[in-house]
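# Descriptive structure summary
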Amino acid sequence: QVQLVESGGGLVQAGGSLRLSCAASGRTSSLCMGWFRQAPGKEREFVASIAWSGGNIDYVDSVKGRFTISRDNAKNAVYLQMNSLKPEDTAVYYCATRFLFCSRGPNEYGLWGQGTQVTVSS
């Protein structure tokens, strides 16, 4: 079974950048890959997703123009480049997989990583 491990989180000042990585232990070529985040006291929120082909990219409105999702199926990895970070981006970020088609609903994804903390200071 595929396992997911996120990395790249940390503490950054507002306006800074971070690049999150999600490494899968198995093949990801048939999987939609998604990034979600959860801030303290809030529900898990969709951030971005990318289809197995690298197309059908989707972002939540609050990150459009600042975040970029990409994937490398040869490396079984998905990335989230986060620029112009804001304090409201502070959360634990998770990557997740869903077979074939992407969705914004967290309950549609069956496999999750352990998460990586992103903290943006003002």
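Shown above is the structure to which this text applies.
This one's a predicted model, so the numbers in the text were calculated from it and none came from an experiment.

The rules we used
Residues numbered from 1 in each chain as written. Predicted model: local features only at pLDDT ≥ 70, side-chain atom pairs only at ≥ 80, totals over all residues. Heavy atoms only, no water. Core = buried A, V, L, I, M, F, W, Y, C linked by side-chain atoms within 4.5 Å. Buried < 20%, exposed > 50% of the residue type's maximum accessible area, 1.4 Å probe, protein only. Helix = DSSP H or I, 4+ residues; strand = E, 2+ residues; numbered from the N terminus. Contact = heavy atoms within 4.5 Å. Salt bridge = Lys/Arg side-chain N within 4 Å of Asp/Glu carboxyl O. Phe/Tyr/Trp six-rings, centres within 6.5 Å; stacked < 30°, edge-to-face > 60°. Lys NZ or Arg CZ within 6 Å of the ring centre and 35° of its normal.

So, about the nonpolar core. Among the nonpolar cores identified, the biggest contains 34 residues, and Trp 35, Leu 80, Met 82 and Tyr 93 are the most heavily contacted of them. Among the elements of the structure, strand E3 (18–24), strand E4 (31–38), strand E5 (45–50), strand E7 (67–72), strand E8 (77–82), strand E9 (91–99) and strand E11 (116–121) are those that each provide at least two residues to this core. At 5 residues, E4 tops the list of elements feeding residues into this core. In this view, Met 82 contacts Gly 16, Ser 17, Leu 18, Leu 20, Arg 66, Phe 67, Tyr 93 and Val 118; residues no more than four positions away in its chain are not counted.

On to the pattern of salt bridges. The full count for this structure, using the stated rule, is 6 salt bridges. Measuring nitrogen to oxygen at the nearest pair gives 2.7 Å for the salt bridge that ties Arg 66 to Asp 89. Pair noted here: Arg 66 is in the loop between strand E6 (58–59) and E7 and Asp 89 is in the loop between E8 and E9, with a separation of 23 residues, a long-range link. Taken individually, Arg 66 and Asp 89 each receive the classification buried, so the pair is uniform in this respect.

All chains considered together, the criterion is met by 5 aromatic pairs. Three or more aromatic residues joined by ring pairs form one cluster here, namely Phe 36, Phe 46, Tyr 94, Tyr 109 and Trp 112. A cation over a ring is seen here: Arg 44 above Tyr 94, with NZ or CZ 3.8 Å from the ring centre. Of note, Arg 44 hangs over the ring of Trp 112, and the distance from its end group to the ring centre comes to 4.7 Å.

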